[in-house]
Amino acid sequence: MIAPVLTLPDSPAAWTGWEERVRLMVRPRRFEHVLRVADLAAQIAAANGLDVARAYAAGVLHDIARDLPDAELLRLAPPECEIDGLHPLALHGRAGRTLLERWGYTDLVVLEAVEDHTTGPRGGNRIAQAVYIADVSEPGRGVNAEIRELALHDLNAALEKAIISKVTYLQGKGITVHPRTLRSYQELPCCAHPASGRPHPPATAPSSTFQ
Ligand SMILES: [Fe+2]
Ligand SMILES: [Fe+2]
C-alpha cells in the first residue's frame, strides 16, 4: 500500500516527488512513455500558447493508474457503462484522477486532463487536448507522427484528426465507441456544425468491445 501524499508540491523542485510517485506506480517502459508524453505535451503547449508547466504536469500524471489491476481500477472508478465493466483498462484515466484527488492533488484542469486522456478531452480543456494528442503521438509509439507534427502548429486540427480517426476506425471495425469518446467527437467544431459536411456518428455501434 502506497502512503498518501498529504501536501501539494508548490515548487518546481518538488515535482520530482510526483514523478517519483508515478515511477513507483508504473512499469519501467510505461514510465519512459510517461516522460515522453510530458515532454511532448509541454512542447505542444508552448507551440499553442498554453500553460507549459500544467501540460507537463498532466503528462507526468496521466498514466498513474495505468498498471493497476482490474479490480483496483473498478474500485477507484466504478463503471458508468457496459464498456467500462467489460474493459476495466478503459477506466485508468478516471481511476487516476480519483487516486490523485485522494492524494491531495487539486488542480482541476490537470485532473480533468488525466481523467479524459483515455476517452477524449471535453469542454474545451486545452491542457487535456495537449495531453491527449501527446499520448497518442509521442515518438515511442511509432505511429501518428503526422498528428504530432500538426499539433506543434495547430492543436485544433490535430485534435480533430485524432478523434475522427479513432471514431471512424472503431466504427469501421464494428466496435462500440465509448460514450465519452462520442461526446468528444460531437464537441469538435466540425461536428458541432453540420454545415461543415461532417456527419455525426450514430449514438451506438453494433458490437460490444472498446478500443
Ligand atoms: Fe493511458
Ligand atoms: Fe499514456
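Residues numbered from 1 in each chain as written. Chains lettered and ligands numbered in written order. Predicted model: local features only at pLDDT ≥ 70, side-chain atom pairs only at ≥ 80, totals over all residues.

Under the annotation held in an unreviewed UniProt entry, the chain carries the name bis(5'-nucleosyl)-tetraphosphatase (symmetrical) and is attributed to Deinococcus arenicola. Under the UniProt heading Catalytic activity (unreviewed entry), the entry covering the chain gives this text: "P(1),P(4)-bis(5'-adenosyl) tetraphosphate + H2O = 2 ADP + 2 H(+)". (UniProt positions renumbered as here; feature names shortened; annotations may be inferred.)

Things to note about helix H10 (residues 155-172)
Under the 1.5 Å per step criterion, the end-to-end length of H10 is 25 Å for 18 residues, consistent within 8% with the ideal 26 Å. Where H10 is concerned, the buried positions are Leu155, Ala158, Leu159, Ala162, Ile163, Val167 and Leu170. Considered in projection along H10, the buried side chains sweep an arc of 150° and stay on one side of the axis. The exposed residues of H10 that point more than 90 degrees off its buried face are Tyr169 and Gly172. Immediately beyond the C-terminal end of H10, within one or two residues, lies glycine 174, with a positive phi of roughly 75°. (Helix = DSSP H or I, 4+ residues; strand = E, 2+ residues; numbered from the N terminus. Expected span 1.5 Å × (residues − 1). Buried ≥ 20, exposed ≤ 12 C-beta atoms within 10 Å, placed from the backbone. Arc of directions from axis to C-beta.)

Digging into the packing of helix H2 (residues 28-47) against helix H8 (residues 126-137)
As a packed pair, H2 and H8 sit with axes 8 Å apart at the nearest point and diverge in direction by 130°. The orientation of H2 with respect to H8, classified from their angle, is oblique. Both H2 and H8 take part in a crossing whose hand is right-handed. Here Val37, Leu40, Ala41, Ile44 and Ala45 of H2 come into contact with H8, specifically with Ala130, Val131, Ile133, Ala134 and Asp135. Split into classes, the residues belonging to the contact of H2 with H8 amount to nine nonpolar, no polar and one charged. (Axes fitted to C-alpha atoms, helices over the stretch in contact; angles between N-to-C directions. Parallel < 35°, antiparallel > 145°, perpendicular 65-115°, else oblique. Left-handed = near helix turned anticlockwise from the far one by under 90°. Contact = placed C-beta atoms within 7 Å. Nonpolar A, V, L, I, M, F, W, Y, C, P; charged D, E, K, R; others polar.)

Some points on unusual backbone geometry
Phi is positive for asparagine 144, which is not a glycine, with a value near 65°. By secondary structure assignment, the location of asparagine 144 is in the loop between H8 and helix H9 (145-151). Under the C-beta neighbour-count criterion, asparagine 144 is labelled buried, with 20 such atoms within 10 Å.

Considering the nonpolar core
Among the nonpolar cores identified, the biggest contains 52 residues, and Ala41, Ile44, Ala55, Ala58, Ala130, Val131 and Ile133 are the most heavily contacted of them. Ignoring sequence-local partners within four residues, the contact set of alanine 130 consists of Ala41, Ile44, Ala45, Leu50, Ala55 and Leu155. (Core = buried A, V, L, I, M, F, W, Y, C linked by C-beta atoms within 7 Å.)

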